[in-house]
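These are the residues of each chain, in order.
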Amino acid sequence: MPLSLYQYFKDRSAELTETWYANLDKSKEGIYGTTDPIKIKQLKAQNRQFHELFIEIFNPANEEVDIYIDKWVTDIASDPAHLDTPLPEIMEEFLNTQSLYLHALHQYVETHHPEMSIKQYNETIQLIFHSFKKIMIAFSVRNQELSEELLQAQKDMITELSSPVIHLNEQVALLPLIGEIDTHRAKVIFDQTLEQCVNTRVDSLLIDLSGVPVIDTMVANQIFSLIDGLKLIGTKASLSGIRPEIAQTAIQLGIDFTHIRIYSSISAALEKLSFEAKLG
């Protein structure tokens, strides 16, 4: 009785990893080009684990192989080193690994099972193709999801850091707004500012717009909403840094800032607000 294909692959799982790594293009970006011995060892361990799981598709007795492969896909897609590696390069290595299995299958037929039928041979090839296709699609989807989550988290952090409430003295704080403000950023600014003013008991907040290139109705409405929210928590709000082109745009759009105190500069506002705070 010839050695089973499952056992043949199982006996060569370590060899498959070493052959894969020996043929790996080390000039690639990301994890595949690392020269760190610790990272190389981890990369080989991840590859070896893949083989140990993938080989189980040839084991008729293993009905849970898909569950374990899915977990491996999620773990590798979540791995920071693989997240920093271009997806096309990862896909290429899946295809290189697929080629290893096709070559190993050919060797198996030649050395252990030359009487394998053409039908059985083709069915095995199709099983390999189908399994790799399924794994590659699952990995691509999960990798994209995690990349988008990471990107959004970075955007949220940048947005949060770009709207700090800075205390100028005991009575007055400054919120310097810089860059374009979209709907998402406006909401984050609104929530963060209210929270910071409550936590630090800000009496008077100066919102500086000198770093905002465009003021449209959406931005204006968000500013009005922020000022109304600040009023509810006992913080008086005022504006500074409205450049002539922004003032002209506001007039053209019918944006009315007349009910809000406006100062020409931060220094002018600080002087006036500090004086009023001392008067009580």
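This one's a predicted model, so the numbers in the text were calculated from it and none came from an experiment. (Residues numbered from 1 in each chain as written. Predicted model: local features only at pLDDT ≥ 70, side-chain atom pairs only at ≥ 80, totals over all residues. Heavy atoms only, no water.)

S.K.: Describe the confidence of the model for the chain, naming the residues involved and giving the relevant values.
M.R.: Caution is warranted with low-pLDDT regions, since their predicted coordinates should not be read in detail. Looking at the chain as a whole, the pLDDT averages 87, with 94% of positions reaching at least 70. Taken element by element, the chain is modelled with least confidence in helix H11 (residues 266-279), mean pLDDT 73, and with most confidence in helix H3 (residues 37-54), mean pLDDT 96. (pLDDT = per-residue confidence, 0-100. Helix = DSSP H or I, 4+ residues; strand = E, 2+ residues; numbered from the N terminus.)

S.K.: Quick rundown of the packing of aromatic side chains? Include the residues and the values.
M.R.: In this structure the tally under the stated criterion is 16 aromatic pairs. Summarising the aromatic geometry, the rings of Phe9 and Tyr101 are spaced 5.2 Å apart at their centres and angled 65° between planes, so their arrangement reads as edge-to-face. Of this pair, Phe9 sits in helix H1 (residues 5-11) while Tyr101 sits in helix H6 (residues 87-111), placing them 92 residues apart in sequence. Relative accessible area serves as the criterion here: at 0%, Tyr101 is assigned to the buried category. (Phe/Tyr/Trp six-rings, centres within 6.5 Å; stacked < 30°, edge-to-face > 60°. Buried < 20%, exposed > 50% of the residue type's maximum accessible area, 1.4 Å probe, protein only.)

S.K.: Quick rundown of the environment of Tyr68? Include the residues and the values.
M.R.: Structurally, Tyr68 is set in helix H4 (residues 65-78). Taking the C-alpha atoms as reference, Tyr68 lies 17 Å from Ser13; in sequence the two are 55 residues apart.

S.K.: Residue-level account of the pairing of strand E2 (residues 172-178), with values.
M.R.: Of all the 7 residues making up E2, 6 are buried; the element is thus mostly covered by neighbouring parts of the structure. The pairing of strand E1 (residues 166-167) with E2 spans 2 bridges and is classified as antiparallel. Among the inter-strand pairings, His167 is bridged to a residue of E2, identified as Ala173. One ladder, built from 6 bridges, connects E2 with strand E3 (residues 204-211); its direction is parallel. When the sheet's bridge partners are listed, Ala173 is paired in E3 with Leu205. In this fold, E2 hands off to helix H8 (residues 183-200), which returns the chain to E3; that crossover is right-handed. (Pairing = 2+ DSSP bridges. Right-handed = clockwise from strand over helix to strand, strands pointing away.)

S.K.: Can you explain the pattern of salt bridges? Please cite residues and give values.
M.R.: The tally for this structure, following the rule as stated, stands at 11 salt bridges. Glu52 serves as the salt-bridge partner of Arg48, at 3.3 Å between the closest nitrogen and oxygen. Here the residue Arg48 and the residue Glu52 both occupy positions in helix H3, the gap between them amounting to 4 residues, near one helical turn. Among the residues examined, Glu52 registers a relative accessible area of 39% and is labelled partly exposed. A salt bridge links Asp191 to Lys187; the shortest N-O distance between them is 2.9 Å. (Salt bridge = Lys/Arg side-chain N within 4 Å of Asp/Glu carboxyl O.)

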